Amino acid sequence: MIIIVDGSYFMHRLLHKNEVKSANDIKTFVDVMLSSTRKMIKQFQPSGIVFVKDSKPSWRHVFDYHKNLPSNIKGIVNERGYKGTRKYKSEYHWESVKLSYNKFLNIVQDKFSVDVIGIHQAEGDDIMAYISTVLSSMNLFTMLYTADADANQGLNFNTVRYSPQTQKLYVSDTLKNDVEFIKGDFFDNNGTSTSYYLSYLMNKMWYGENIIKSVEIVSAWEYMLSKIIRGDSGDNVHPIFFRVTKTETGKIINRKVPPKKISLFVEQLKESRSNINNDILYDDTVIEMVSNLICEIEGEKTHFNEYVKGFKNNRKMVLINNKELPQNLFMSLTEIDLRYPQERFRYSKDKLECYWDYIDEEFTPIEDTCDIEIKEDDDAFDLLDDFMNS
């Protein structure tokens, strides 16, 4: 199993628990990230790891989304740009956070042979989706390590997602029967490679390791259809239909397409079609059906073409696949050498374990294997510096 780690999520999750307020906190925060890497490896015992990192600005920032807004919502929504409404805590010293993150990535890459991949104008999600798709086609099992639900788009028969935040394992609905089978028969050593690794992960839930608390079956196309229609406030991607109304008391109400309406629409699609997948989001007939649905809610068809435009606009912003990527970025992704992924993503387990033994609370002497002098009064980061130079 190969773990693909969303580097930005990995760092921010730990940042919320370990505030970096000055340059004096850099050493501690780097060690926290290294310790979290240790925990992840001990929990899942992967054969390979790769960290993916964001490029800023990404192609979605560059894409002129807010200058192409449909007329029915232009002027009544925030137009600060992609992710332009995000607020960053002022108490953090962000320059030190950035330095900590880069130092951490340099350490795991240069000293422990953990692969780190970043591509100009690509978000980590784009890289995760591309790598997992290629590895899945090679029948290699991958786990996406992130709390970002957008990564569910990449789930398939060889790819699952784990969220440390919820301690949930998210599995594609194409594996629903496998999940039910494993629940009944536990660890199936004689199954396919997929059922083997899925069994391995799911059994961590039952045998008291407290790593995975539950398994959730996900339909990627249903989730993304709703997101295209209703938008993504976190990324400042607006809904297709957006009406601001004021009540008699002066209260402002923002109207979107109700989730229940979308659920009914999804059920209609399921009844009329079989084997639905993400390709349905590119079906012009479905897009027109969505536009008609919104026209029914609004009570008139004046903005039908605007809803079609809004659907395609939002699809570009929220979907993570090759169809939406700029051609030059897609070509950059294809240049990632994945001919021998098990070799490329294999990390130096011996070096990692050697370092971790070195900074354990007991400070067990291991000079024979690492050739390092043990100093009990050193903190973990100073020990790391000694270890790197040994």
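By convention here, each chain's residues receive numbers from 1 onward along its written sequence. Local features in this predicted model are restricted to residues of pLDDT 70 or higher, and side-chain atom pairs are both shown and tallied only at a pLDDT of 80 or more, whereas totals for entire chains, interfaces and linings draw on every residue. Remark: hydrogens and water are excluded; side-chain values derive from all non-hydrogen atoms of the structure.

1. Looking at the layout of surface pockets
Any empty space left between the atoms is revealed when a probe the size of a water molecule rolls over them. A pocket here means an open set of points on a 1 Å grid, computed over the protein atoms alone, that has protein on both sides within 12 Å along at least five of seven lines. A cavity is instead a set of points where a 1.4 Å probe fits but cannot get out; residues with an atom within 4 Å of a point line either one. Grid points are joined across faces, edges and corners, and a volume is the space filled by probe spheres set on the points. Computed from the structure, the second largest pocket encloses a volume of approximately 730 Å³. Taken together, 31 residues form the lining of the second largest pocket, with Gln153, Gly154, Leu155, Asn156 and Asn278 sitting closest to its centre. Taken together, the elements giving at least two residues each to the lining of the second largest pocket come down to helix H5 (124-137) and helix H8 (220-230). Considering every element that reaches the lining of the second largest pocket, the biggest residue donor is H5, with seven residues. In DSSP terms, a helix is any run of H or I states spanning at least four residues, a strand is any run of E spanning at least two, and both are numbered starting from the N terminus.

2. Side note on the sheet that holds strand S5 (residues 159-163)
DSSP-based pairing: two strands are paired if at least 2 bridges between them are found. The sheet built from seven strands is open, its strands ordered S3-S2-S1-S4-S5-S6-S7 with mixed pairing. The open sheet has two edge strands with one neighbour each: strand S3 (115-117) and strand S7 (214-218). With strand direction ignored, the average angle separating the axes of adjacent strands in the sheet is 25°. Whether two residues touch is decided by their heavy atoms; if any such pair falls within 4.5 Å, the residues are in contact. Whenever a helix is involved, its axis is fitted only over the stretch in contact; in every case the axis is a line through C-alpha atoms, and angles between N-to-C directions fall within 0 to 180 degrees. Along the sheet, helix H2 (residues 26-44) contacts strand S1 (2-6), strand S2 (48-52), strand S4 (142-145) and S5; its crossing angle with S2, the most-contacted strand, is approximately 140°.

3. Considerations on the nonpolar core
Among the nonpolar cores identified, the biggest contains 46 residues, and Phe44, Phe51, Phe104, Met143, Tyr145, Leu169 and Leu201 are the most heavily contacted of them. In contact with Tyr145, other than residues within four places in its own chain, are Ile3, Ile4, Val5, Asp6, Tyr9, Phe10, Met40, Phe44, Met128, Tyr162 and Pro164. By convention a nonpolar core is built from buried Ala, Val, Leu, Ile, Met, Phe, Trp, Tyr and Cys residues, the set being connected through side-chain atoms within 4.5 Å. Categorising residues by exposure relies on relative accessible area from a 1.4 Å probe, with only protein chains included: less than 20% of the type maximum marks a residue as buried, more than 50% marks it as exposed, and the intermediate range marks it as partly exposed. Counting residues in each nonpolar core, the second largest holds 28 residues, with Val237, Ile287, Ile297 and Leu319 among its members.

4. Brief notes about the packing of aromatic side chains
We call Phe, Tyr and Trp rings a pair once their centres come within 6.5 Å, taking the six-membered ring for Trp, and we label the pair stacked below 30 degrees between planes, edge-to-face above 60, and tilted otherwise. A complete count under the given rule lists five aromatic pairs for this structure. Aromatic pair Phe44 and Tyr162: ring centres 5.0 Å apart, planes at 65°, arrangement edge-to-face. Of this pair, Phe44 sits in helix H2 while Tyr162 sits in strand S5, and the two are 118 residues apart along the sequence. Each member of the pair, Phe44 as well as Tyr162, carries the same accessibility label: buried. Centre to centre, the rings of Phe51 and Phe104 are 5.6 Å apart; their planes meet at 80°, and the pair counts as edge-to-face. Separated by 53 residues along the polypeptide, Phe51 in strand S2 and Phe104 in helix H4 (residues 94-110) bring together distant segments of the chain. Per residue, the accessibility class of Phe51 equals that of Phe104, and both read buried. Taken together through their ring pairs, the aromatic side chains of Phe10, Phe51 and Phe104 make up a single cluster. Either the NZ atom of lysine or the CZ atom of arginine qualifies as a charge over a ring when it sits within 6 Å of the ring centre and within 35 degrees of the ring normal. Lying over the aromatic face of Tyr170, Arg161 brings its terminal NZ or CZ to 3.9 Å of the ring centre. Here the guanidinium or amino end of Lys323 rests over the ring plane of Tyr282, the centre of that ring lying 4.5 Å away.

5. Concerning the pattern of salt bridges
For salt bridges, the criterion is a side-chain nitrogen of Lys or Arg within 4 Å of an Asp or Glu carboxyl oxygen. Inspection of every chain in the model, using the stated rule, returns 13 salt bridges. The closest approach of N and O atoms between Arg344 and Asp115, which form a salt bridge, is 2.5 Å. Note that Arg344 is positioned in helix H13 (residues 341-344) and Asp115 in strand S3, a separation of 229 residues in sequence. Here Arg344 falls in the partly exposed class, since its relative accessible area comes to 32%. Residue classification places Asp115 among the buried residues on the basis of a relative accessible area of 11%. When the shortest N-O distance is used, the salt bridge between Lys316 and Glu324 registers 3.6 Å.

6. With respect to empty space enclosed by the protein
For the structure on display, the rule yields two cavities of 30 Å³ or more. Approximately 70 Å³ is the volume attributed to the largest cavity. Top element by residues in the lining of the largest cavity is H5. It accounts for four residues. Amino acids are sorted into nonpolar (Ala, Val, Leu, Ile, Met, Phe, Trp, Tyr, Cys and Pro), charged (Asp, Glu, Lys and Arg) and polar (every other residue, Gly among them). Taken together, the residues that form the lining of the largest cavity break down as five nonpolar, three polar and two charged.

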